Amino acid sequence: MRIKLIVLALLALAGSSGAAAQVNQSVDVRITEAPKIVRIGAADQLVYELHLTNFASLPLRLDQLVVKVGDKGSPLKTYDGDELAKAIGLVGPAEPDARIIPPGRRAVVYINAPVPADLPRGGISHELTLGKPGADGASFTISGGTATPDTAALPRLSPPLRGGPWVAVYGPGMERGHRRVFYATEGSATLPGRFAIDWMKVDTSGKLSAGDADIPANHYGFGAEVLAVADGTIVAVRDDVPDPATISGRPRPGIADASGNFVMLDIGGGRIATYEHMKQGAPVAVGDRVKAGQVVGFLGFTGQASAPHLHFHLADRASILGAEGQPYVVTSLTRLGQYSTIESFFRREAWPPTGRSETVRNSFPPPNLVARFPE
């Protein structure tokens, strides 16, 4: 009888403890594509997306996100305040407060975290502090989103163009920039432009063209030879989109034609070099074997583009919209300068030169770098 009473007392205590503990229906936290460590400019960064889906019946506000690394969970980077709000993108209509995730909605946190030289070994995890706006105002903390960074050596690519100055036009924080545009056209959401760059040629004053800027042929980059970035096999070519006579009169294509003329080059290892907005007259066909530096097309103004440029990215399969964008490094370029923001480039400001030209090897170009490639 004594043993039975002790057991009943323990069960009562356990039930009491369980009832007192607060349980919150909150968010699903996951990483769908393995985090990558990429040398961007002169520093390594951890690049990936954290997907948050609200399974609660009320809105939740993400107040803080701590990225942790290693077996001991050492803090690598903390997002809060304005930096956190700028790092979040809500799938679907925006909210006045970017940190609020309505019931049933998904938000994506775009992580670009600096990697120290003494990065602890092991996986990454996350600690999220969530608030309940409009309810009791209480906040709570959850953990989730574990993953192991991909530490494989990145492909080393030759430059896709010659000479310069070329601007590596992209902005990781742009709401509709390549880094933040998911596509769900083949049954799953993918981010093909995760590491995409729009290469645009300028003069020393930041202008894109000489003469009437409405004529594509007057733009400095128009017609430039586009080069194979590695040895490989051509696996896809589109070459039937006419070159618009003027920029103001260009058509407004749908999503299926947004890339215009394109070339895809299989460089091995499950990697596809993708060139978009090409001029008609591609000198290659599907099945051709090409060498690094060989001409595979010409910079054009087809598809969805505001000015002539070369869109380049590396993908994990031969699909324009149904592939995951992959990182790489460029074997050699000369750093001439860098725009402080993408907005200053769009305002056609003169680019600020570096004190001296600097050759950069085996690095991914940082945003809005002004570079010269080997001739």
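Summary of the structure given here. (Residues numbered from 1 in each chain as written. Predicted model: local features only at pLDDT ≥ 70, side-chain atom pairs only at ≥ 80, totals over all residues. Heavy atoms only, no water.)

Here we come to the overall build of the protein. Check the secondary structure of the protein and you find 3 helices and 25 strands. Principal axes of the C-alpha set define a box for the protein whose edges measure 95 × 45 × 40 Å. Residue burial in the protein is summarised as follows: out of 375 residues, 46% are buried. Partitioning the intrachain contacts of the protein with sequence separation of at least 6 by distance along the chain shows that 71% fall at a separation of at least 24. When the accessible surface of the protein is split by element, carbon and sulfur atoms take 53% of a total near 17500 Å². Distance between charge centroids for the protein: 5 Å, based on 37 positive and 36 negative side chains. (Helix = DSSP H or I, 4+ residues; strand = E, 2+ residues; numbered from the N terminus. Buried < 20%, exposed > 50% of the residue type's maximum accessible area, 1.4 Å probe, protein only. Contact = heavy atoms within 4.5 Å. Areas by Shrake-Rupley, 256 points an atom, 1.4 Å probe, with all protein chains shown as cover. Lys, Arg positive; Asp, Glu negative; His and termini not counted. Charge placed at Lys NZ, Arg CZ, Asp CG, Glu CD.)

Okay, the environment of isoleucine 88 next. As for its placement among the helices and strands, isoleucine 88 is situated in strand E6 (residues 88-90). Since its relative accessible area comes to 8%, isoleucine 88 is described here as buried. Taking the C-alpha atoms as reference, isoleucine 88 lies 9.5 Å from isoleucine 100; in sequence the two are 12 residues apart. In contact with isoleucine 88, not counting residues within four places along its chain, are Leu62, Ala98, Arg99, Ala107, Val108, Val109 and Arg180.

For the rest of this paragraph, the subject is the pairing of strand E8 (residues 106-114). Relative to E8, strand E3 (residues 43-54) runs antiparallel, the two sharing 9 bridges. Within the sheet, the bridge partner assigned to glutamate 49 lies in E8 and is tyrosine 110. (Pairing = 2+ DSSP bridges.)

The buried fraction of strand E25 (residues 369-373) is high, at 4 of 5 residues. Bridge analysis of strand E12 (residues 163-169) against E25 gives 3 bridges, and the strand direction is antiparallel. When the bridges of E25 are listed, tryptophan 166 appears paired with alanine 371.

Turning our eyes to something else, we now look at the pattern of salt bridges. Here the structure, examined in full by the defined rule, presents 18 salt bridges. Lysine 36 is paired through a salt bridge with glutamate 33; the nearest N and O atoms lie 3.3 Å apart. With relative accessibility at 6%, the residue lysine 36 sits in the buried group. The partner of aspartate 231 in a salt bridge is lysine 291, with the nearest N and O atoms 3.9 Å apart. You can see aspartate 231 sitting in the loop between strand E14 (225-227) and strand E15 (232-238) and its partner lysine 291 sitting in the loop between strand E18 (289-290) and strand E19 (295-298), a full 60 residues away along the chain. With relative accessibility at 54%, the residue lysine 291 sits in the exposed group. Three or more residues joined by partner-sharing salt bridges are found here, namely Glu49, Arg179, Arg194 and Glu324. (Salt bridge = Lys/Arg side-chain N within 4 Å of Asp/Glu carboxyl O.)

Now for the nonpolar core. Trp199 and Tyr275 are the most contacted members of the largest nonpolar core, which has 37 residues in total. Of all the secondary-structure elements, those providing two or more residues to this core are strand E2 (36-40), E12, strand E13 (197-201), strand E16 (261-268), strand E17 (271-278), strand E20 (310-315) and E25. Of all hydrophobic cores here, the second largest spans 31 residues; its members include Leu65, Leu76, Ile88 and Leu90. (Core = buried A, V, L, I, M, F, W, Y, C linked by side-chain atoms within 4.5 Å.)

In this section: the environment of lysine 132. One can find lysine 132 in the loop between strand E9 (124-131) and strand E10 (139-147). It is 5.1 Å that separates the C-alpha atoms of lysine 132 and leucine 60, two residues lying 72 residues apart in sequence.

On to the packing of aromatic side chains. Here the structure, examined in full by the defined rule, presents 9 aromatic pairs. Ring geometry for tyrosine 170 versus phenylalanine 364: centroids 6.0 Å apart, planes at 70°, classification edge-to-face. Taken together, the positions of tyrosine 170 in the loop between E12 and E13 and phenylalanine 364 in the loop between strand E24 (353-360) and E25 put the pair 194 residues apart, joining distant regions of the chain. Each member of the pair, tyrosine 170 as well as phenylalanine 364, carries the same accessibility label: buried. Here the aromatic rings of phenylalanine 195 and phenylalanine 364 are separated by 5.9 Å at their centres, their planes lie at 75°, and the arrangement is edge-to-face. Here phenylalanine 195, found in the loop between E12 and E13, pairs with phenylalanine 364, found in the loop between E24 and E25; they are 169 residues apart in sequence, far enough to count as distant. Across the pair, exposure class does not vary: phenylalanine 195 and phenylalanine 364 are buried alike. Grouping aromatic residues by their ring pairs yields a cluster made of Tyr170, Phe195, Tyr275, Phe312, Tyr328 and Phe364. One residue, lysine 77, lies across the ring of tyrosine 79, its end atom 4.9 Å from the ring centre. Across the ring face of phenylalanine 345, the terminal group of arginine 348 is positioned such that the distance to the ring centre comes to 5.3 Å. (Phe/Tyr/Trp six-rings, centres within 6.5 Å; stacked < 30°, edge-to-face > 60°. Lys NZ or Arg CZ within 6 Å of the ring centre and 35° of its normal.)

Attention now moves to the side chain of glutamate 33. Structurally, the position occupied by glutamate 33 is in the loop between strand E1 (27-30) and E2. For glutamate 33, a relative accessible area of 16% puts it in the buried group. Reaching out from glutamate 33, the side chain makes a polar contact with the side chain of lysine 36 at a distance of 3.3 Å. In this view, glutamate 33 contacts Tyr48, Arg194, Glu324 and Gln326; residues no more than four positions away in its chain are not counted. (Polar contact = N/O pair within 3.5 Å; in protein donor to acceptor, adjacent residues only side chain to side chain.)

Let us look at the environment of glutamine 25. Looking at the element boundaries, glutamine 25 is found in the loop between helix H1 (2-20) and E1. The exposed category is assigned to glutamine 25, whose relative accessible area is 54%. Those residues in contact with glutamine 25 that lie beyond four places of it in its chain are Phe55, Ala56 and Leu60.

Glycine aside, negative phi is the norm for most residues, and most peptide bonds take the trans geometry. The peptide bond linking glycine 164 to proline 165 adopts the cis configuration, its omega dihedral lying at 0°. Mapping proline 165 onto the fold places it in strand E12. Look at arginine 348: it is not a glycine, yet its phi comes out positive at around 60°. With respect to the helices and strands, the residue arginine 348 is situated in the loop between helix H3 (342-346) and E24. The class for arginine 348 is partly exposed, based on a relative accessible area of 34%.

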